[in-house]
Amino acid sequence: MIRYIAVEGIDGAGKSMVVGAIAGYLEERGIEVLTVREPGGTIAGEAIREILLDRADPLAGWTEALLFAAARAQLAALVVAPALGAGKTVVSDRCVYSSLAYQGAGRGLGMEAVRAVNEAGLQGVWPEKVLLLRVAAEKGLARERIADRISREGLELQQRVAAAYDALAAAEPDRFVVVDASRPIPDVVAAAVAAVGAMT
Ligand code: TYD
C-alpha cells in the first residue's frame, strides 16, 4: 500500500484541486490522510515560504534552493515522518522533485547538486509515488490566477521546468505516474483519482 504520494507539475497544472480530490477519495475508503503543501506546513516552513514567494527582494539561486530544502527538511522531520509512523497516508502538494525541476533545471543549479542537499535534509523521507500533472507551460501560466515570485518570472522558466519534469518522470518510471493535465480541470481530477485508485 502506497503511503506517501506527491502531486507535481508546473504552475497552473491543477495540483491543489487534485490534492484535495485524492485526499477525499482515500478518506472515503477509510484511510487516514494528512495533506501537506510545500513550501510550508510548519511554523518555520511558512515563514520561509513568505521569504521565498511573497517578497520582491532578489534571492540568489542557491539561497532559494537551500531555503526550499530547509522548509522541506523541517516538514519531513516534524510532520511527514511522524504521520507515516502513525500509519497515516501523506498526500503532498509538491515535494523534492519541485526543487529538482525549478531550482536544478529552471534556475540552472544542476539537478544532481540540488538532489544532494535535499537528500541530506530529508534523511530518506521521500515520496513513494509522484503524480505528474503534465501541461504545456503556456497553458499552465494562462490558468494561474495568483502569481507568486517564481511563477511571475514567466514562460521560459516554466518551459525549462516542464522539460525537467518530463526527464525526471522518464528516469524514474516506477515512481512517476503522468497525467495529461491539458484537459479541463474536472477531467484532470478524475484521471488523477483513477491513477491513485490503481496504485492503492
Ligand atoms: P505552489 O504553492 O505550489 O504554487 P502554485 O499553486 O502556484 O503552483 O508553489 C509556489 C511556487 O514555488 C511555484 O512557482 C513553484 C515554486 N517551487 C520551487 O521553485 N521549488 C520548490 O522546491 C517548491 C516546493 C516550489
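One can find the structure itself at the top, above this paragraph.
The model shown is predicted, which means the values in this text are computed figures rather than measured ones.

Draft legend 1. Here's a closer look at the pairing of strand 1 (residues 4-9). Most of strand 1 is tucked away, with six of its six residues classed as buried. Here strand 1 shows a buried face lined by Tyr4, Ala6 and Glu8 and a second buried face lined by Ile5, Val7 and Gly9. Direction of pairing for strand 1 relative to strand 3 (residues 89-93): parallel, over a ladder of four bridges. Of the residues in strand 3, the one forming a bridge with Ile5 is Val91. Sheet analysis places strand 1 next to strand 4 (residues 129-134), joined by five bridges and oriented parallel. Across the sheet, residue Ile5 finds its bridge partner in strand 4, namely Lys129.

Draft legend 2. Seen up close, the sheet that holds strand 5 (residues 176-180). Reading across the sheet, the five strands line up as 2-3-1-4-5 and stay open at both edges, with parallel pairing between neighbours. The open sheet has two free edges, formed respectively by strand 2 (33-37) and strand 5, since each of these has just one partner strand. The average angle at which neighbouring strand axes cross in this sheet is 20°, direction not considered. The sheet contacts of helix 3 (residues 61-85) involve strand 1, strand 2 and strand 3, and relative to strand 2 the element is tilted by about 160°.

Rules of the game
- Residues numbered from 1 in each chain as written.
- Predicted model: local features only at pLDDT ≥ 70, side-chain atom pairs only at ≥ 80, totals over all residues.
- Heavy atoms only, no water.
- Buried < 20%, exposed > 50% of the residue type's maximum accessible area, 1.4 Å probe, protein only.
- Helix = DSSP H or I, 4+ residues; strand = E, 2+ residues; numbered from the N terminus.
- Pairing = 2+ DSSP bridges.
- Axes fitted to C-alpha atoms, helices over the stretch in contact; angles between N-to-C directions.
- Contact = heavy atoms within 4.5 Å.

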